[in-house]
Amino acid sequence: MNNNKLYKLLDWSKINKIIYSECDNPHEILGPHVIGNQVLFQLFYPGAVSAKLRIMNGRVDYPMQMISEEGYFAVLLPIKEMGEYRYVVKDGLNKELLVLDAYRHTPLITEKDTNKFKNGIHYEIYNKLGAHPCVIDGDEGTYFAVWAPNAMRVSVVGDFNLWDGRAHQMRRLWDSGIFEIFIPQAMVGMNYKFEIKTSAGMIYLKADPYANYSELRPNSASIIEDIDGFLWKDDKFVQNRSIFQGNNSPINIYELYLGSFMDGANDDGYPTYRSIAPKLIDYVKKMNYTHVQLMPIMEHPFDPSWGYQVIGYYSPTSRYGTPDDFMFFVNEFHKAGIGVIIDWVPAHFPKDGHGLSDFDGTCLYEHLDPRQSEQVFWGTKIFNYSRPEVSNYLLANALKKKKKYHVDGIHVGAVASMLYLDYGKTEGQWIANMYGGNENLEAIEFIKHFNSIVKKRNPGVITIAEDTSGYPMMTADLSEGGLGFDFKWNSSFTNDYFQFISRPTSTRKANHNDLLFSTIYAYSENFILPFSHDDVVHGKGSIAFKMPGDIEEKFANLRLSLAYHMMHPGKKLTFMGQ
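Figured I'd write up the structure that's included with this text. Only a predicted model underlies this, so the values are computations on that prediction, with no experimental measurement involved.

With respect to the sheet that holds strand β8 (residues 96-99)
No. 1: Reading across from one edge, β4-β3-β7-β8 is the order of the four strands in this open sheet, with antiparallel pairing throughout. A single partner strand is all that each edge strand has here, and the edge strands are β4 (60-63) and β8. Between one strand axis and the next, the sheet turns through 25° on average, direction left out of account.
No. 2: Two elements, strand β7 (residues 85-90) and β8, share four bridges in a ladder whose sense is antiparallel. Paired with Val 88 across the two strands is Leu 98, which belongs to β8.

So, helix α15 (residues 551-567)
No. 1: Between its first and last C-alpha, α15 extends 25 Å over 17 residues, near the 24 Å set by a 1.5 Å rise per residue.
No. 2: Residues Lys 554, Asn 557, Leu 558, Ser 561 and His 565 constitute the buried set of α15. The arc that holds every buried residue of α15, seen down its axis, measures 110°, which confines them to one face. In α15, the exposed positions that point more than 90 degrees away from the buried face belong to Glu 552, Arg 559 and Met 567.

Examining the packing of aromatic side chains
No. 1: Per the stated rule, a full pass over the model turns up 48 aromatic pairs.
No. 2: Where Phe 493 meets Phe 531, the ring centres are 6.3 Å apart and the plane angle is 10°; that geometry is what we call stacked. One end of the pair, Phe 493, is in helix α13 (residues 491-501); the other, Phe 531, is in strand β29 (residues 527-531), and 38 residues separate them in sequence.
No. 3: Residue class for Phe 493 comes out buried when judged on its relative accessible area of 1%.
No. 4: Assessed through its relative accessible area of 1%, Phe 531 is described here as buried.
No. 5: Taking the ring centre of Phe 328 as reference, the NZ or CZ of Arg 274 above it sits at 4.4 Å.
No. 6: The aromatic ring of Phe 500 is capped on one face by Arg 508, whose charged end is 5.9 Å from the ring centroid.

Some remarks on unusual backbone geometry
No. 1: A cis amide bond links Arg 217 with the next residue in sequence, Pro 218, at an omega value of 5°.
No. 2: Among the structural elements, Pro 218 can be located in the loop between β16 (213-214) and β17 (222-223).
No. 3: Even without a glycine there, the phi angle at Trp 174 is positive, about 55°.
No. 4: If you trace the backbone, Trp 174 turns up in the loop between β12 (171-173) and β13 (178-184).
No. 5: Using a relative accessible area of 40% as the deciding quantity, one classes Trp 174 as partly exposed.
No. 6: At Gln 185, a residue that is not glycine, the phi angle is positive and equals roughly 75°.
No. 7: Along the polypeptide, Gln 185 turns up in the loop between β13 and β14 (191-197).
No. 8: Owing to a relative accessible area of 37%, Gln 185 belongs among the partly exposed residues under this scheme.

Side note on the sheet that holds β13
Backbone-to-backbone hydrogen bonds join strands into a sheet, with any given pair of strands oriented parallel or antiparallel.
No. 1: Taken together, four strands build an open sheet; the order of strands is β9-β10-β13-β12 and the sheet is antiparallel. Single-partner strands in this sheet number two, and they are β9 (130-136) and β12. If you compare each strand with its neighbour and ignore which way they point, the axes differ by 30° on average.
No. 2: Two strands pair when backbone bridges link them, and β12 and β13 are joined in this way by three bridges, in the antiparallel orientation. Across the sheet, the residue bridging to Arg 172 is Phe 179, located in β13.

Description of the pairing of strand β10 (residues 139-147)
No. 1: Most of β10 sits out of view: eight of its nine residues are buried.
No. 2: A loop of two residues connects β9 with β10, the two strands running antiparallel in sequence, and Asp 137 in this loop sits at a positive phi of about 50°.
No. 3: Pairing geometry for β10 and β13, over seven bridges, is antiparallel. Across the sheet, residue Val 146 finds its bridge partner in β13, namely Phe 179.

Some points on the side chain of Asp 343
No. 1: Secondary-structure assignment places Asp 343 in strand β22 (residues 339-344).
No. 2: As a buried residue without a salt bridge, Asp 343 has its nearest oppositely charged side chain in Lys 401, at a separation of 11 Å.
No. 3: A distance of 2.9 Å separates polar atoms of two side chains, one belonging to Asp 343 and the other to His 411.
No. 4: Residues within four places of Asp 343 in sequence aside, it is in contact with Glu 255, Gln 293, Leu 294, Met 295, Pro 296, Met 298, Tyr 308 and His 411.

Regarding the pattern of salt bridges
No. 1: Applying the stated criterion across every chain yields a total of 33 salt bridges.
No. 2: Across the pair Asp 303 and Arg 217 runs a salt bridge, and its minimum N-O distance is 2.8 Å. Linking Asp 303 in the loop between β20 (298-299) and β21 (312-316) with Arg 217 in the loop between β16 and β17, this pair joins segments that are 86 residues apart in sequence.
No. 3: In this structure Asp 303 comes out as partly exposed when scored by relative accessible area, which is 23%.
No. 4: One salt bridge connects Lys 381 with Glu 374, and the closest N-O pair in it is separated by 3.1 Å. Side by side, Lys 381 and Glu 374 carry an identical accessibility label, which is buried.
No. 5: Three or more residues are tied together by salt bridges with common partners; here these are Lys 52, Arg 54, Asp 61 and Glu 96.

Parameters at a glance
Residues numbered from 1 in each chain as written. Predicted model: local features only at pLDDT ≥ 70, side-chain atom pairs only at ≥ 80, totals over all residues. Heavy atoms only, no water. Pairing = 2+ DSSP bridges. Helix = DSSP H or I, 4+ residues; strand = E, 2+ residues; numbered from the N terminus. Axes fitted to C-alpha atoms, helices over the stretch in contact; angles between N-to-C directions. Expected span 1.5 Å × (residues − 1). Buried < 20%, exposed > 50% of the residue type's maximum accessible area, 1.4 Å probe, protein only. Arc of directions from axis to C-beta. Phe/Tyr/Trp six-rings, centres within 6.5 Å; stacked < 30°, edge-to-face > 60°. Lys NZ or Arg CZ within 6 Å of the ring centre and 35° of its normal. Lys, Arg positive; Asp, Glu negative; His and termini not counted. Salt bridge = Lys/Arg side-chain N within 4 Å of Asp/Glu carboxyl O. Polar contact = N/O pair within 3.5 Å; in protein donor to acceptor, adjacent residues only side chain to side chain. Contact = heavy atoms within 4.5 Å.

This is the structure we're talking about:
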């Protein structure tokens, strides 16, 4: 091979960008590129001391010229020699490795995909972004894609490349802000993250926002996982779901935190989805509940948050097992005729460095102005619902829970914090909307979009609002100007009732308004009456011990309360332990 000719064909400025890990289109030069009747192969393998190109059908090796001691190699072959190939690389330890080329494949994401995502209507974007095990052009590996529009460069780092951000730099797709790459030999079960380099030279390691599975805290990597192989056996239940949990059907919900239901069975002290299922089903059927409602089972870093500060929106928490195990859990409940509702938190997210906060070095998922982005009440970040890609992230997440995990209902937590710009804030901590009011217009539009698309794509799945603000027409139809939820928690009923029943019996007759007021508005919305976890947390104690008197009187009042709860208009929800 004529090295002078080879060197003349090289684009040194682009090579330097790759070597210094500042390239957002490495496919442009890496891999094979036809030039006339020849093919130029370029390889960057950090730390390699030598490399050969092996044509597999003839098992012929062609030595590659070292262009840079950083591990950059090139070779020029006649096009007639082209065939299935591998790189044979010798690393710094003199170990010979057979390497498949990550830069010979075309994108799986189309311009139609990116246009739909930019408009916030790609409802199955989770099939494109994230990590997807697959076979492309005969190579087995994983296709990675992430949205990071303001990054200079994005790489996938993980168990398959020694966590070296130089090794697998990703290609930016057009003006979409999406980066992608297919990495052969990145297999199911391997850990990974995205390494993001900003224009200022800062480097961030971020978990995959669309990851199917994640490490258990305190570790924070995403895990390559295939979630398409589970064999569901719940067709009959799903087909009858619209009747089973319709507005005129009896609904009695058992709310629980999975980690507290029974003793742990795994090494971390938690029970597993598979060990919980049979015992929980027996209990729920014995107690005549129709549904279970799970406090958030999405991946979260902080145990005492009970899952309400989510990092991995697309990852069932690994505390209790794998995504496949969670599918088993839901499937078993459906086979037993029991519905599964999950808590969902689209209102805010924590500031942990590996999460969504400052994702690509800028305020991507949140607003730039802290008066719009900070949820002071919880010390978290507020989603920027005005950005279509952010709304799309959340909408697709809700839809995936039905499509992939067959959940029957989505309980949207902290709706009041979404509806109002000044929620939990004092003067100077918030900005009014374009009309001078305190309503979060973008969040309201997001909620309407959410309820509209869930009903359109998933008939029979119910949506439930946890709202303490008294916002009108929460469960009214969208066509009537409502928000479109199927049900709303009636927290005012709960507060008034506990205020009444916790009084000494001698003073109750003067406070009957607390007992009766809820009957005035009982039919103004489709209510669920929650004796929920909110009523026992932070030292509030169980319902029984809210009551006056000795132990016998406390439990007599508890029986009375549960009877009143059951007879009052509205669906029922009771938290574990009550």
